[in-house]
Amino acid sequence: MQSVYAKTIYTGLGVVKESYVNFEGNRIVSLTEKPEGEVLCKAEVATPAFIDPHSHIGMMRSGEPSYEEESNETFESLVTLADAIDSVYMDDKAFSESIEHGVLYSCVLPGSGNIIGGRAAVIRNFERTTDKAFVKHAGIKMALGYNPRSQRRWKGRRPTSRMGVLAILREELLNTIKALRLVEKGEKDIDELTPQQDVLARILRGEEVLRCHVHKEDDIASLLRLKSEFNLKVTVEHACDVHSVDVFEELKARGIPLVYGPIDAFPYKTELKHESWRNVKYLVEAEPLFALMSDHPVTLQRNLYLQLRFLLRFGFDKAKAISTITINSAKILGASDFLGSIEPGKRASIVLWSGDPFDLESKVIMAIGEGRVIYQE
């Protein structure tokens, strides 16, 4: 048994004062007033490991030329069989910088140049190779709006308008529905479905979540129509151009999770003309289930927790703010049964701080990844 102590523990679910977190192997056993094992560290503050729910870390790599990045595949507009984990290099030095700032897990997604870009993967930032880093898959990347219609020079059938994006997607979904009906009638063998149709069938059955890149309010409206039309499971990813409370309230009413941000990015295209950090006010007011993203390298993953300052400005307390990069991320990624909070039974992934993470002078003095000390100041 091993233990760490903190005067304040933001558990991801609330706050505990002056306690020891006791863990054995890779699992948290208890929170107690006295240690139940060897004390590894005493700190001012402890938090769960931060989880970045949307990034391209390891695919777009620090110190490498831009033409070597691997976030998008350009041979076709629907790339259902691509898997982000296959384009990650764990020697990206951004991983070590993220760990030093408390981010121990990433969800790596394909980019948004394709209508469907491939599968998203949750990974441990602290492993050397992708086979050890891989935790689970977390949905399939989809994109609406400007990005997929802008890649006209890429290969394959490419849309030039937002309605064209949806037309291509609808066609493939409807073709899959018709093929499945023929299978049900015995007029087609299940093995005659194409590999792409196999993936689309899982999407249509709700077995896969579509993680949809979408910024503007009208494009979110299109996504909601598509969801209703095909009974899809979706998350909204980004939504930075949403500049009223109504859309956030609708997402909450319909139980659609939101991965929001990145708040500190430059609004470099018309799709972001209403983007502002002040839009966070509407997000806080409606409060759907949401997590904050880095979209690394659009903003650096090591700075993920700095975005929490806007949540504090508009009314969240510190514990609730931290939940948006811990337990909320885990819930949206389907990992909340083992990650996202400091409580018995969860994996022992804990970050110890010299002071309150919301103070500029505070720093990580120890990071524990699933029971192992992976960083120490």
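Shown above is the structure to which this text applies.
Just so we're clear, the structure is a prediction, and the values are computed from it rather than from any experiment. (Residues numbered from 1 in each chain as written. Predicted model: local features only at pLDDT ≥ 70, side-chain atom pairs only at ≥ 80, totals over all residues. Heavy atoms only, no water.)

Chemist: Can you walk me through the packing of aromatic side chains in this structure?
Modeler: Remark: the centre distance and the inter-plane angle together describe each pair of aromatic rings, the angle taken between the planes. Under the criterion given, the structure shown has nine aromatic pairs. Here the aromatic rings of Tyr105 and Phe126 are separated by 5.8 Å at their centres, their planes lie at 80°, and the arrangement is edge-to-face. Of this pair, Tyr105 sits in strand β6 (residues 103-108) while Phe126 sits in the loop between β7 (116-124) and α2 (130-133), and the two are 21 residues apart along the sequence. For the pair Tyr105 and Phe126, one class covers both residues: buried. Measuring from centroid to centroid gives 6.0 Å for Phe290 and Phe316, while their planes differ by 35°, and the two rings are tilted. With Phe290 in strand β12 (residues 290-292) and Phe316 in the loop between α9 (308-313) and α10 (318-323), this residue pair connects regions lying 26 residues apart in the sequence. (Phe/Tyr/Trp six-rings, centres within 6.5 Å; stacked < 30°, edge-to-face > 60°. Helix = DSSP H or I, 4+ residues; strand = E, 2+ residues; numbered from the N terminus. Buried < 20%, exposed > 50% of the residue type's maximum accessible area, 1.4 Å probe, protein only.)

Chemist: How do you make sense of the pairing of strand β10 (residues 234-238) when you look at a structure like this?
Modeler: Looking along a regular strand, one sees the side chains alternate between the two faces of the sheet. Among the five residues in β10, five count as buried, and that is most of the element. Pairing geometry for strand β9 (residues 210-214) and β10, over five bridges, is parallel. Bridged to Leu210 within β10 is Val234. In the classification by handedness, the crossover that spans β9, the intervening helix α6 (residues 217-230) and the parallel β10 is right-handed. Relative to strand β11 (residues 258-260), β10 runs parallel, the two being bridged by three bridges. In the strand pairing of β11, His238 is matched with Tyr260. Handedness of the β-α-β unit built from β10, helix α7 (residues 245-253) and β11 comes out right-handed. (Pairing = 2+ DSSP bridges. Right-handed = clockwise from strand over helix to strand, strands pointing away.)

Chemist: Help me understand the nonpolar core in this model?
Modeler: The tendency in soluble globular proteins is for nonpolar side chains to be buried side by side. Core analysis: the biggest nonpolar cluster contains 78 residues, and Ile220, Val236, Tyr260 and Leu311 have the highest contact counts within it. Dropping the residues within four chain positions of it, Val236 is found in contact with Cys212, Val214, Ile220, Leu223, Leu251, Ile256, Pro257, Leu258 and Val259. Of all hydrophobic cores here, the second largest spans 16 residues; its members include Val21, Ile28, Ala46 and Ile368. (Core = buried A, V, L, I, M, F, W, Y, C linked by side-chain atoms within 4.5 Å. Contact = heavy atoms within 4.5 Å.)

Chemist: Mind showing me how you'd approach the sheet that holds β11 here?
Modeler: Within the open sheet, the eight strands sit side by side as β5-β6-β7-β8-β9-β10-β11-β12. Their pairing is mixed. This sheet does not close on itself; its edge strands, each paired only once, are β5 (50-55) and β12. For this sheet, the mean angle separating the axes of adjacent strands, direction not counted, is 25°. Across the sheet, α6 is in contact with β8 (134-143), β9 and β10; its angle to β10 comes to roughly 170°. (Axes fitted to C-alpha atoms, helices over the stretch in contact; angles between N-to-C directions.)

These figures come from the coordinates and say nothing about function on their own.
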